[in-house]
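Chain residues, written in single-letter form:
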Amino acid sequence: MTNSPYRGRIAPSPTGLLHLGHARTFWNAFERARQSSGTLVLRNEDLDPERSRAEFATAFLEDLRWLGIEWQEGPDVGGPFAPYAQSERRDFYLSAWRRLRDTGAIYACICSRKDLAQIAQAPHEGVGGLQGDGNDEPLYPGTCRERGVEHALAANDPRGFNWRFRVPDGRVISFHDGKQSEQRFTAGVDFGDFVLWRRDDVPAYQLAAVVDDDAMRITEVVRGCDLLRSTARQLLLAEALGIAPPAYYHCDLVTDARGERLAKRHDALSLRSLRAAGHSPADVRKMWETESSACRKP
Ligand code: GLU
């Protein structure tokens with residue numbers, strides 16, 4: 001038990017094995033909570049049923065504990081803001097969706113996959129589309145903004161449509177990051193109307209993160225630099241929901257020899273393989289101190 005107001009969180013997605021890069025970010029989150037004698041929450045981000053697997057959730061709990069990270073609230077230990085798995089928190093997301101729909105902050109998008117694929121081919125845009133974590137979403141040109149899909153707005157349930165947040169074009173979103181200092185993104189330029197509920201009835205990462213960080217009373221979000229742009233989106237979403245945002249601290253990402261960030265496919269650097277190769281948690285921590293790292297805005 002702690003009286004410190006600091007509440008941090010680590011939020012792994014069970015879509016693969018944790019590697020050195022994740023571990024370093026989570027370790028930072030752990031250290032920051034510990035330095036403030038605060039509480040660390042572990043949240044299982046198993047939102048996407050197609051990409052999430054229960055065995056990866058079991059694996060990350062085990063791997064993080066092996067590494068020496070301790071959390072006071074989580075799916076395995078419970079806590080006052082349970083449930084700690086996003087797949088069990090649909091009601092929270094649904095009530096946020098209703099509020100956003102009622103205030104006109106979001107709209108139903110009926111663009112086909114083909115339409116979206118064409119958009120994704122535009123220069124400089126990612127190809128993650130609707131399947132990614134929302135961070136790599138292509139800039140949506142707003143085709144359905146004024147279309148007003150009336151039957152969608154009348155429905156009591158989001159399923160069947162991609163629901164998009166109407167971003168205030170041209171507005172600069174600036175925030176202070178505890179690690180990366182001042183950040184600025186422009187709505188409509190750095191990101192467009194992003195999806196917050198998918199047609200296949202899966203709430204999007206952006207919505208779930210904002211709703212859960214608020215519901216779990218998180219005071220500081222520590223995560224990777226790849227999510228800086230998502231933070232700008234989430235600040236807009238928090239504002240629309242009347243939520244006071246937490247502080248942010250975006251860690252540099254471990255990069256490989258070519259300067260690319262590590263992805264889950266770098267199997268040799270998964271905590272599992274490092275452990276199987278005989279490395280101790282202390283070895284692993286030493287390893288990421290010597291790896292190169294960088295913060296490149298996505
Ligand atoms: N679940 C995300 C991931 O594993 C982290 C999202 C966040 O920290 O907001 O990359």
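This is a predicted model, so every value here is computed, not measured.

### Some details on helix α1 (residues 20-35)
The first and last C-alpha atoms of α1 sit 22 Å apart over 16 residues, in line with the 22 Å expected at 1.5 Å per residue. Looking at α1, one finds that the buried residues are L20, G21, H22, A23, R24, T25, F26, W27, A29, F30 and A33. Where α1 ends, the next residue or the one after it, S37, has phi of about 50°, a positive value.

### Quick word on the pattern of salt bridges
In total, this model carries 23 salt bridges according to the counting rule given. Among the salt bridges present, the one from R90 reaches D157, with a minimum N-O distance of 4.0 Å. With a gap of 67 residues between them, R90 in helix α3 (residues 90-102) and D157 in the loop between α5 (150-154) and β4 (162-165) connect regions that are remote in the sequence. The network of salt bridges with common partners includes R9, R43, E45, R89, D212 and D213.

### A short note on the site of the ligand
Surrounding the ligand, one finds R9, A11, S13, E45, Y205, R223 and L227. Note that an oxygen atom of the ligand is positioned 2.7 Å from one of the side-chain N or O atoms of Y205. Starting from 300 Å² of accessible surface for the ligand in isolation, the protein chains cover 82%.

### Some details on the environment of R199
Along the chain, R199 falls in the loop between β7 (195-197) and α6 (205-215). For the pair R199 and A108, spaced 91 residues apart in sequence, the C-alpha to C-alpha distance is 9.3 Å. If we ignore the near neighbours within four places in the chain, the residues touching R199 are C111, S112, R113, L116, R159, G160, F161 and N162.

### Digging into the pairing of strand β6 (residues 181-186)
Each regular strand displays side chains that alternate between the two surfaces of the sheet. Inspection of the sheet shows strand β5 (residues 172-177) paired to β6 by six bridges, in the antiparallel sense. For D177, the partnering residue across the bridge sits in β6 and is S181. Between β5 and β6, which pair antiparallel one after the other, the connecting turn spans three residues.

### Description of the state of the cysteines
This structure, assessed with the given rule, holds one disulfide. Residue pairing for C225: its cysteine sulfur links by disulfide to C295, the two sulfurs lying 1.9 Å apart. The chirality of the disulfide connecting C225 with C295 is left-handed, given an S-S dihedral of about -95°. Residue C225 is located in the loop between β8 (220-224) and α7 (228-241), and its partner C295 is located in the segment after β11 (293-294); the two are separated by 70 residues in the primary sequence. C225 sits in the buried class, given a relative accessible area of 0%. Residue C109 stays outside any disulfide, its sulfur separated by 3.9 Å from that of C111, the closest cysteine. Looking at C109, the relative accessible area reads 1%, which means it is buried.

### Here we look at the pairing of β8
Among the five residues of β8, five are classified as buried, and the element is accordingly described as predominantly covered. Two elements, β8 and strand β9 (residues 247-251), share five bridges in a ladder whose sense is parallel. Residue pairing in the sheet places E220 in a bridge with A247 of β9. On the question of chirality, the crossover connecting β8 to the parallel β9 by way of α7 is right-handed.

### A short note on unusual backbone geometry
Residue P83 follows A82 across a cis peptide bond; omega there is 0°. With respect to the helices, strands and loops of the structure, P83 is situated in the loop between α2 (54-67) and α3. Phi is positive for S37, close to 50°, though the residue is something other than glycine. Its place among the elements puts S37 in the loop between α1 and β2 (39-42). Looking at S37, the relative accessible area reads 48%, which means it is partly exposed.

### Focus on the packing of α6 against α7
Relative orientation of the contacting elements α6 and α7 amounts to 60°, with a least axis distance of 9 Å. If you check the angle between α6 and α7, you find them oblique. Crossing of α6 over α7 shows right-handed handedness. Where α6 abuts α7, its residues Y205, Q206, L207, A209, V210 and V211 lie against S230, R233, Q234, L237, A238 and L241. In terms of residue class, the contact of α6 with α7 is built from eight nonpolar, three polar and one charged.

About the criteria used
- Residues numbered from 1 in each chain as written.
- Predicted model: local features only at pLDDT ≥ 70, side-chain atom pairs only at ≥ 80, totals over all residues.
- Heavy atoms only, no water.
- Helix = DSSP H or I, 4+ residues; strand = E, 2+ residues; numbered from the N terminus.
- Expected span 1.5 Å × (residues − 1).
- Buried < 20%, exposed > 50% of the residue type's maximum accessible area, 1.4 Å probe, protein only.
- Salt bridge = Lys/Arg side-chain N within 4 Å of Asp/Glu carboxyl O.
- Near = heavy atom within 4 Å.
- Polar contact = N/O pair within 3.5 Å; in protein donor to acceptor, adjacent residues only side chain to side chain.
- Areas by Shrake-Rupley, 256 points an atom, 1.4 Å probe, with all protein chains shown as cover.
- Contact = heavy atoms within 4.5 Å.
- Pairing = 2+ DSSP bridges.
- Disulfide = S-S within 2.5 Å.
- Right-handed = clockwise from strand over helix to strand, strands pointing away.
- Axes fitted to C-alpha atoms, helices over the stretch in contact; angles between N-to-C directions.
- Parallel < 35°, antiparallel > 145°, perpendicular 65-115°, else oblique.
- Left-handed = near helix turned anticlockwise from the far one by under 90°.
- Nonpolar A, V, L, I, M, F, W, Y, C, P; charged D, E, K, R; others polar.

Read these as spatial facts, not as claims about activity.
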